[in-house]
Amino acid sequence: MKTEIKQLTVTYREDDHRLLALDRVDLQLLPGRITALVGESGSGKTTLGKALLGLLPPAATVDGQILLGEDDLTALDETARNQLRWRRAAVVPQNGAAALNPAYRLLDQVAEPLRRQRGVKRREAEERALAGLAELGLDRDQARRYPHELSGGQVQRGLLAMALILDPPLLILDEPTAALDCLSKNHLAQLFRRLAAQQKSLLLITHDLALARQTADQAAVIYLGRIMEYLPAGQLDRARHPYTVALYRSFPGMDAVRDLGGIRGDAFYRLLHAHPAVNVQQHRTCGHDHQHLVTPASNHPEEHAPPGADEDGHAPAAGCLFAPRCTQAEDACRREAPALNRLREPDAPQPDIDQGHEHQIRCRRGGIIDLLCCRKTSKSYGPVTALHPVDLELRAGEVCCLVGESGSGKTTLAMLAAGALEPDRGRVSFAGRDLADWRRRDPLGLAARIGIIHQQPAEAVSHRFTVFEIVAEPLRIQRPDLDAAALEQRVLTSLAEVRLATQPEFLRRYPHQLNLGAIQRLCLARALIQQPQLLVADEPTSALDPSVQAKVLKLLLELQIEKGLTLLLVTHDLGLARKIADRLAVMEAGRLVESGPAARVLSRPAHSCTARLIAAATTT
Amino acid sequence: MNTRHQPLYAYLLAALVMVGLSYGLPLLLPGDYIEAVYGSSQVVLDAEQEAQLRQELGGRKGFAAHLWGLVTLDWGHSLALQTPVSRLVLEALPWTLLLLGTAHLLALVLGFIAGVEAAWRRGGRLEKAGVGGATMLQGVPEIGSGVLLLLLFAYHLGWFPAGGATTAYAELSGGPWLLDVLHHLALPLLTLVLAYLPGNFLLTRAGMVMILGSPYLETARAKGLPPLRVRYVHAARNALLPVLTRFGLRLAFMITGALVVETIFAYPGLGTLLFTAIGSRDLPVIQAVVLLAALLMLLINLGLALLHRRLDPRIGHAL
């Protein structure tokens, strides 16, 4: 049986407004497939699961189609829907033991659908329920226990046995492993795979991204009731939508070694403030509706969408739903609501397109953009080849660490990427434009976007400038319109961010009066004051004590989350790279020998040089 | 000692304490039978007559004899009626059981069903009216509603007899007798049901509303079970516990609860017996009725504890 959700919209009526829980969701659940539905809390995951059983509360208004095989659940009356429940679709509800009636033994509750839906006699129903429970590893004694006498894992398996008792073609699993240890979790995951092999469709509602990645075939990423990305589940770590990327970066999987990020801002409820007494039918025809994004906590209207509905007659979204939290959102993102498009570039190493998996993304910019792109870039100094042709991409908002021995070409590559050097061959593009060409036409504009921190901080500051002048200089050049007070304010903020003093005496000092650590932080403040998109930093914390270094790195990570700062960091400190890098690029003798997700590179190095570096780092 | 039986020993001990209290407490009552009977009458007893009277009525027995008497159903003689107390009590008991038992059962069943259905239709007009009505009705004391019913249906309309359990000297039997009993039962029964039902209704409704939002009820609905099964087997079953507790506690007050209504309707139950006995300081009768009430209370408590275990399997662990 194929399950198809078409343009499903669910709104909840509340006192004077309606809450938009699902917004034109399309989803296909095919036999033999596990579809993971992932997203933050309140994104509409559970609402979708309930809608599939027709179990939404009376306050919900449902629009669209839910096809369980031939039958459209939304068009049926309650009696007819009740006929389909548990036969066509069964659910393993969240909440564990609370989902079982405390007054009855597990066995009776598992056997109940057989007896009441199929009219099976008591003895036979119990035998079949016992067999079903035994298949999931619950013996006769455990089957006869009351819910409160069972452990969390036993309850979960009991719930699963109950869901399977009528052999339904569709199984909805709502956070099935939320409270389980990883052994039970793996056990269940294998079970889900076996069920899929029996040609069942499984909908796995979860925020456990690792489970989704290991278990599911495809993943639908939902945000505020809209599907944002639809991708093969195995590629969740290589997702393209800014939301999915940020979500994955927040997830404490075993493959995450760096500090966890989180997504900036908060998810909002989508409240529709209709004109008085406008119901869905009416608003479809007259089409006047305002949508507010409201935080769960404050109910504070965040954005007002212009009145007027889109062609479907639904309330319009104010541009992309994720735009307020997206680090690469442009003005156009806030105006135009993006459609769900097939990802154009063949991104995945092994595309699964022959199996019907496809990668769709709801982003005007096609997902996270490649901010920096080196193609066959090489550089020689006279007879010495510093850099053999190298390919390197840096996604917006990514932290990439370049590691390798001294003289392996790290600094050359970093300076090429920053546009401070020009390559002999190949090209470097930044935000889609050729870097060399950009530099010739608009050096000022480029300088505002790329911040550079050089390796030798003491050499990188003019000794005839005071602290204030050093930090203020880029702004003076970039923004001659700023008045003195605003300039001073920006300088002080910048200094405070890198934990430097902000007293007037300090501002009047000269570099030779400062220690190396302070000068390094001065360089950092200078690079950050113009809020660059890309920061190319060559050993930016080498002269700092561990405490200040930790604070500075935290600042950089915070800038990554809040402003989408992209960081190309040259370091030979693997411990540091491990804590902040999304990606590691390893260099040896002018060649890029390995590049990949930091955790993967560190745990399973593919190149001997990487292995050597790791071994050296762990022994010293 | 088996820990499972520990509560039983506790109950036995409590029963013994009650027997002691029922023996000792009436001694603290001011005045005695003779004072009560002759104190306000025209007859004045001299000291000799009084001593003789006391002699005839018999002195107080010791506690051991009292206890032995209880076991052998020798509960003494009523001073006022000169009848064995056991016969008086056994004559009155069936009427009390009939009136109170029926009233409690009716109030339980009707209140429970009404509460379940009201919770199921929560937010509806009917439910709101029901809750409002029940809250008001709960504020009316039995004495008020009893007298009002008596005035309306017995005096003004004359549909029901004003008192008694049967028509005196009618010598009815079989069907007509039963009809006569029911006819007499109607008004006091209605009074009691009106007094007990609103509480059961409100308690059931409140419990049900909580349960209706619980995850396991959503599971039951998801399983595609017939709506009545979801409502009663899955939801109402779990709302039953507090209502049954209340039912048991009320039942334990059966004898004292009957006092007011039995008196208003002159119903020949234990309440009336107790009321007259108190008026005439008929100590043996008072002792017997009070002790019976106390033991009944214990018995019902024990029954409830056992029932709770059956109804909610989680309680077995807590005991």
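Residues numbered from 1 in each chain as written. Chains lettered and ligands numbered in written order. Predicted model: local features only at pLDDT ≥ 70, side-chain atom pairs only at ≥ 80, totals over all residues. Heavy atoms only, no water.

The subject of this paragraph is the overall build of chain A. Within chain A, the regular secondary structure consists of 22 helices and 25 strands. For chain A, restricting intrachain contacts to residue pairs at least 6 apart in sequence, the fraction spanning at least 24 positions comes to 64%. Accessible surface, chain A as shown: approximately 27200 Å² in total, 49% of it carbon and sulfur. (Helix = DSSP H or I, 4+ residues; strand = E, 2+ residues; numbered from the N terminus. Contact = heavy atoms within 4.5 Å. Areas by Shrake-Rupley, 256 points an atom, 1.4 Å probe, with all protein chains shown as cover.)

A word on the overall build of chain B. Within chain B, the regular secondary structure consists of 14 helices and zero strands. The helix and strand sequence of chain B, counted from the amino end, reads α-α-α-α-α-α-α-α-α-α-α-α-α-α. The proportion of buried residues among the 319 residues of chain B is 40%. Residue pairs in contact within chain B that sit at least 24 positions apart in sequence constitute 75% of those at least 6 positions apart. Of the roughly 17200 Å² that chain B leaves accessible, carbon and sulfur atoms contribute 69%. (Buried < 20%, exposed > 50% of the residue type's maximum accessible area, 1.4 Å probe, protein only.)

When the parts of a complex come together, some accessible area is lost, and that lost area is often taken as the interface size. Contact residues are listed per partner, giving 25 residues for chain A and 20 residues for chain B. Carbon and sulfur atoms make up 55% of the surface buried where chain A meets chain B, a total of about 2100 Å² over both sides. Connecting chain A to chain B are three salt bridges. Of the charged contacts, one joins Lys223(B) and Glu112(A) as a salt bridge, the two residues approaching to 3.0 Å between their closest N and O atoms. There are 12 residue pairs in polar contact (both at pLDDT 80 or more) connecting chain A and chain B. (Buried area = accessible area lost by both parts, 1.4 Å probe. Salt bridge = Lys/Arg side-chain N within 4 Å of Asp/Glu carboxyl O. Polar contact = N/O pair within 3.5 Å; in protein donor to acceptor, adjacent residues only side chain to side chain.)

Here we come to the state of the cysteines. Residue and element names in this part refer to chain A. All told, the structure shown has zero disulfides over all chains when counted by the stated rule. Not part of a disulfide, Cys373 finds its nearest cysteine sulfur in Cys374, a span of 7.1 Å. Free of any disulfide, Cys401 has its nearest neighbouring cysteine sulfur in Cys400, separated by 6.8 Å. Note on Cys401: relative accessible area 0%, which makes it buried. (Disulfide = S-S within 2.5 Å.)

Here we come to the nonpolar core. Grouped together as the largest cluster of nonpolar side chains are 100 residues, with contacts concentrated most on Leu27(A), Leu52(A), Trp86(A) and Leu160(A). Leu495(A), Ile529(A), Leu544(A) and Cys609(A) belong to the second-largest nonpolar core, a separate cluster that totals 54 residues. (Core = buried A, V, L, I, M, F, W, Y, C linked by side-chain atoms within 4.5 Å.)

The next point concerns the side chain of Glu126(A). Following the sequence through the fold, Glu126(A) ends up in helix α4 (residues 122–135). The contact partners of Glu126(A), leaving out residues within four places of it in the chain, are Leu107(A), Asp108(A), Ala111(A) and Arg144(A).

Residues and elements named next belong to chain A. For the structure on display, the rule yields seven cavities of 30 Å³ or more. One number sums up the size of the largest cavity: a volume of about 180 Å³. Around the largest cavity sit 17 residues that line it, and Pro242, Ala246, Arg249, Thr327 and Ile561 are the ones nearest its centre. Listed by contribution, the elements that provide at least two residues to the lining of the largest cavity are α9 (242–250) and α19 (546–563). Looking at the lining of the largest cavity, the element that brings in the most residues is α9, giving four residues. Along the lines of polarity and charge, the residues of the lining of the largest cavity split into nine nonpolar, five polar and three charged. (1 Å grid on protein atoms, 1.4 Å probe; cavity = no way out; pocket = protein on both sides within 12 Å on 5 of 7 lines; lining within 4 Å. Points joined across faces, edges and corners; volume = space filled by probe spheres on them. Nonpolar A, V, L, I, M, F, W, Y, C, P; charged D, E, K, R; others polar.)

What follows concerns the packing of helix α15 (residues 467–478) of chain A against helix α16 (residues 484–497) of chain A. Helix packing geometry: the angle between the two helix axes and the distance between the axes. Residues and elements named next belong to chain A. Packing of α15 against α16 brings their axes to within 10 Å, and their N-to-C directions diverge by 115 degrees. The handedness of the crossing between α15 and α16 comes out as right-handed. Between α15, through Val467, Phe468, Val471, Ala472, Leu475 and Arg476, and α16, the contact on the second element is made entirely by Leu487, Glu488, Arg490, Val491, Ser494 and Leu495. Class assignment of the residues belonging to the contact of α15 with α16 gives a composition of eight nonpolar, one polar and three charged. (Axes fitted to C-alpha atoms, helices over the stretch in contact; angles between N-to-C directions. Left-handed = near helix turned anticlockwise from the far one by under 90°.)

Let's shift gears to the pattern of salt bridges. One pass over the full model with this rule turns up 36 salt bridges over all chains. Note that Lys200(A) and Asp167(A) form a salt bridge whose closest N and O atoms lie 2.5 Å from each other. On the criterion of sequence distance, the pair formed by Lys200(A) in the loop between α7 (182–197) and β8 (201–206) and Asp167(A) in the loop between α6 (152–164) and β7 (170–174) is long-range, its members being 33 residues apart. The exposure class of Lys200(A) is buried, given its relative accessible area of 5%. Here Glu117(B) and Arg121(B) are joined by a salt bridge, their closest N and O atoms 2.6 Å apart. Owing to a relative accessible area of 19%, Glu117(B) belongs among the buried residues under this scheme. One salt-bridge network, in which partners are shared between bridges, spans Asp23(A), Arg24(A) and Arg226(A).

Before going further, it helps to spend a moment on the packing of aromatic side chains. The description of an aromatic ring pair uses the distance of the two centres, along with the angle that the planes make with each other. If you walk through the whole model with that rule in mind, you get six aromatic pairs over all chains. Feature note: the residues Tyr223(A), Tyr243(A) and Phe322(A) constitute an aromatic cluster, connected by ring pairs. If you follow Arg433(A) out to its NZ or CZ, it ends over the ring of Trp438(A), 4.2 Å from the centre. Arg237(B) extends its terminal NZ or CZ atom over the ring of Tyr104(A), reaching a point 5.0 Å from the ring centre. (Phe/Tyr/Trp six-rings, centres within 6.5 Å; stacked < 30°, edge-to-face > 60°. Lys NZ or Arg CZ within 6 Å of the ring centre and 35° of its normal.)

Taken as a whole, the second largest pocket spans an internal volume of roughly 1200 Å³. Together, 45 residues line the second largest pocket, and Leu55(A), Leu56(A), Pro57(A), Glu218(B) and Arg221(B) are the ones closest to its centre. Elements supplying a minimum of two residues to the lining of the second largest pocket: α1 (45–51), β4 (60–68), α2 (78–84) and β7 of chain A together with α9 (215–222) and α10 (227–252) of chain B. With six residues, α9(B) is the single largest residue contributor to the lining of the second largest pocket. Its residues assigned to classes, the lining of the second largest pocket shows 25 nonpolar, 12 polar and eight charged.

All names here are of chain A. As for its position among the elements, Leu37 is in strand β3 (residues 34–38). Sequence-wise, Leu37 and Ala220 are 183 residues apart; in three dimensions their C-alpha atoms are separated by 4.9 Å. Apart from residues lying up to four places away in sequence, Leu37 is in contact with Lys45, Leu48, Leu203, Leu204, Ile205, Thr206, Ala220, Ile222 and Ile227.

Remark: a regular strand shows side chains that alternate across the two faces of the sheet. All names here are of chain A. With five of its six residues buried, strand β24 (residues 583–588) lies for the most part within the structure. As judged from the five bridges shared by strand β18 (residues 399–404) and β24, these two strands associate in the parallel manner. Paired with Cys400 across the strands is Arg583, a residue of β24. Pairing of β24 with strand β25 (residues 591–597), which is carried by six bridges, proceeds in the antiparallel orientation. Note that in β25 the partner of Ala585 across the bridge is Ser595. If you look at the hairpin formed by β24 and β25, you'll find two residues sitting between the two strands, and Ala589 has a positive phi there, around 50 degrees. (Pairing = 2+ DSSP bridges.)

This brings us to the sheet that holds strand β15 (residues 360–361) of chain A. Residue and element names in this part refer to chain A. Judged by pairing direction, the sheet is mixed, and its eight strands sit side by side in the order β6-β7-β8-β3-β9-β10-β15-β14 without closing on themselves. Each edge of the open sheet is held by one strand with a lone partner, namely β6 (89–92) and β14 (341–342). Relative to strand β10 (residues 226–232), strand β9 (residues 218–223) is paired through six bridges, and the arrangement is antiparallel. Bridged to Ala220 within β10 is Tyr230.

Put simply, chain B has an average pLDDT of 79, and 85% of its residues get 70 or more. Within chain B, helix α14 (residues 315–318) of chain B has the poorest average pLDDT of any element, 60, and α9(B) the best, 91. (pLDDT = per-residue confidence, 0-100.)

All names here are of chain A. Mapped onto the secondary structure, Thr571 falls in the loop between β23 (566–570) and α20 (574–580). What makes Thr571 buried here is its relative accessible area of 3%. Only 2.9 Å separates the side chain of Thr571 from the backbone nitrogen of Asp573, close enough to count as a polar contact. Those residues in contact with Thr571 that sit more than four places away from it in its chain are Cys401, Leu402, Val403, Gly404, Lys410, Glu539 and Ala577.

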